[in-house]
Amino acid sequence: MLDMLILAEKASAAKHMAKAFGGTSGTVAGKTYKIVHAHGHLMEFKDPEKMVKTDAEKERYSSWSDMKTMPWNQADFSWAKTYAKSYNSYTKKSKSTRDDVNAIKSEAANADAILIATDNDPSGEGDLLGWEIVNAIKWNKPVYRIRFADETPKSLNQAMHSMVEITDQFKQGEYLKSDARSKWDFLSMQLTRISTYAARQAGYRVKVINQGRLKSVIVLKIWQQQQLIDQYVKTPYYEAKFKDPAGHIFARSLKDDEQKQAARFAAEKDGQAEVDKYTKSPVTNIKRQHKTQAPGALIDLAKLGSILAKQGFNSKEVLATYQKMYEAEIVSYPRTEDKKITQEQFNELLSVVDAIAQVVGANQQLLTHRSLRSKHRATEAAHGANRPGVKVPSSLESLSKYGPSAQAIYRTLALNYLAILGEDYQFDRVTAELKLYPDFKTGFNVPVQLNYKAIFDDNDSDDDSNSVSDVVGPEAEPFVYQGANPKPTRPSADWIGKFLEKHNIGTGATRLGVQAQLTSGKNAFIKDQKGFYTLTQPGTIAAVLVRDSWIGSPNITKQLFDHMDEVGKLNESPAIVVNSATRVIEHDLPIILKNSRELTQFVGKQVKATKKYAAKPKTKGQLTNGKAVEFSSTWGGHKFTEGEIQQLLAGQVISFAAKSKAGKAYTASGMLKEQTYKGKKFWGFKADFGKK
DNA sequence: GCAAGGTC
């Protein structure tokens, strides 16, 4: 008999645990164990109509077109889960997780306790996916939990000595808050049904108009920015500034609109008149201050995606290629939320940094800072920030087999990591002012030693004074400076990434994932051109529909997360959080319907109807028992005549000339019947092929 | 046909 079945989140974690404990089974911390692993969530909610009991409820929760069925009553749902379908993007195969769950179940039969050893995500996701499996196998013996700082042997062994019992899942905050989050998001799917209905009502023959906490916020933000760009009118202004012989500009710092208005003129002649009030002035108070700057943070997946987007790689391909490189252990775990690394992780990589530098062509003599700066160090980082792996490729070229962006991924990751082994950037900050007009000042940086910047510079800093002479003065002349109100930024992958990060929406991985989703497929909402985003027609529809809604606001995620934290601390009931989703639907439903009436104004002509999504004409009528039914008015290329419709409603068999999909003509016989398609009931003509 | 969160 086993003491303990250790449940890891994924294969790589199970492998690290086996290495740390001395095999996939054995003895650790005085207990016999066996390690098994999931691969993320193995279970997911059933469809809404399969989580309710009565026929009336099933009908209500199947509807995409009756707005009176929403908001849903979450108390109607059993919240039952089913085996997830896992889709492998490079074999392009979808497979049920049933076998994985059963395999864990049979191993568990020999154990006294299950140890949930999934990731310790701040959102509680690891706890949720662990409990999903424990519940799915109907486990009713003790459950324990470990949380580890990282997956190095030292940290994993330490964790084994501080496991806690969590057998009552309803008292475990991490589980409760994550469960509430998943129910909230599930309920938000109503907004997709509402939006799809609203767009069709407005005459747009769309496929599905997806909405959710991430999707809606992204498309709305892009649309609003596009509006700002479209409405932008360049308004030049003329302002008095000074210039010295080397070209340094001396200007006043204009803090608010009032100051700007006083100093800037709409007409060039007024600007010139202002300039004429000044004379040439000596430069004075020249100060030179030595400054240093440490390397920036390690990049996350969304940032990597945006850097590579500029080089022409799309996010979907980057994600797939990164995953393959991770499986080959050439790069660290992709979907991390960590932006820092632990001391252990730093030490692990230290012995191979010179080899990495050689592969990517970095100057090894710059890698002198061999200790971990506190700004890059975390005490806990399950996977650590995105970085090269311990396995070093023989050359950049050898990486090509992983995908088109493989070399660029490795180069970027490696240089970004190696930069933290460089010394601080050193520069002089030079400032000066005018003797006659001390309000006019200049300031610029003169690089002294590039150090880490010579290894990797993500170009986020706006000082590009490299080419400017550091000789200031001796005097400066007034001139008319022509400026203009700034043009709004073009929406881009980088810009959206920063926006989502600022509002704490999604993780680095899900941010990139959602952007990949929105930019690919036939129903793409976003067109991606080297990282620059524009909305497609369905994307514009999605955005216009959620104007002034709650789902389109970044604030909704903030509120959800704030309340989740309270659930996590057992201060608030999960039901209250889940119910807040219902209030969002209540609020947004009428707004989306109202917005749909303004679609033509912003979207223009309707989407070209494709055969697949063209609305089929429907006939309404009453059966002999009085039941009202609606059914397609055509079948097999034949349009039912008024007489045939009456016969069908009366329950009679009719025959007519039809055409098969292959175009072959034949006589179809049959009657009106209630049928089922993909679990949903509908009325329609049903041919009796046996008697034809 | 629907979400977002894990995973491959």
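For the structure, see preceding data.
Reading guide: rules and limits
Residues numbered from 1 in each chain as written. Chains lettered and ligands numbered in written order. Predicted model: local features only at pLDDT ≥ 70, side-chain atom pairs only at ≥ 80, totals over all residues. Heavy atoms only, no water. Helix = DSSP H or I, 4+ residues; strand = E, 2+ residues; numbered from the N terminus. Near = heavy atom within 4 Å. Polar contact = N/O pair within 3.5 Å; in protein donor to acceptor, adjacent residues only side chain to side chain. Nonpolar A, V, L, I, M, F, W, Y, C, P; charged D, E, K, R; others polar. Axes fitted to C-alpha atoms, helices over the stretch in contact; angles between N-to-C directions. Parallel < 35°, antiparallel > 145°, perpendicular 65-115°, else oblique. Left-handed = near helix turned anticlockwise from the far one by under 90°. Contact = heavy atoms within 4.5 Å. Pairing = 2+ DSSP bridges.

Moving on, we come to unusual backbone geometry. With an omega dihedral of 0 degrees, the bond running from Met70 to Pro71 counts as a cis peptide bond. Of note, Pro71 is situated in the loop between α2 (55-60) and β5 (81-83). Each neighbour pair has its own omega, and for Gly473 with Pro474 the value is 5 degrees, a cis peptide bond. The residue Pro474 is located in the loop between α16 (452-455) and β17 (475-484) in this model. Non-glycine residue Asn504 carries a positive phi angle of around 60 degrees. For Asn504, the location among the structural elements is in the loop between α17 (493-502) and α18 (508-519).

Moving on: the protein's contact with DNA strand B. DNA strand B sits among 42 residues. The nearest are Arg193, Arg200, Leu214, Tyr333 and Arg335. Each atom of DNA strand B within 4 Å of the protein belongs either to a base or to sugar and phosphate, the latter forming 61%. Contact distances for DNA strand B include 3.1 Å between a phosphate oxygen and a side-chain N or O atom of Lys10. Within the residue set of the surface near DNA strand B, elements represented by two or more residues are β6 (85-88), α6 (173-187), α7 (190-201) and α12 (315-327). Taken together, the residues of the surface near DNA strand B break down into 9 nonpolar, 16 polar and 17 charged.

We now examine the packing of helix α14 (residues 353-360) against helix α15 (residues 406-418). For the pair α14 and α15, the least separation of the axes is 10 Å and the interaxial angle reads 135 degrees. Considering their axes alone, α14 and α15 lie oblique with respect to each other. For the crossing formed where α14 meets α15, the hand is left-handed. Listed contacts from α15 to Val353, Ile356, Ala357, Val359 and Val360 of α14 are Tyr410, Arg411, Ala414, Leu415, Tyr417 and Leu418. By residue class, the composition of the contact of α14 with α15 is 10 nonpolar, no polar and 1 charged.

If you trace the 6 strands from one edge of the open sheet to the other, you get β2-β3-β1-β8-β9-β10, paired in mixed fashion. At either margin of the open sheet sits one strand with a lone partner, and together these are β2 (25-28) and β10 (164-165). Inspection of the sheet shows strand β1 (residues 2-8) paired to strand β8 (residues 111-117) by 6 bridges, in the parallel sense. Bridge assignment links Ala8 to a residue of β8, and that residue is Ala117. The strands that helix α4 (residues 125-136) touches are β1, β8 and β9 (143-145); relative to β8, the one it contacts most, it runs at about 155 degrees.

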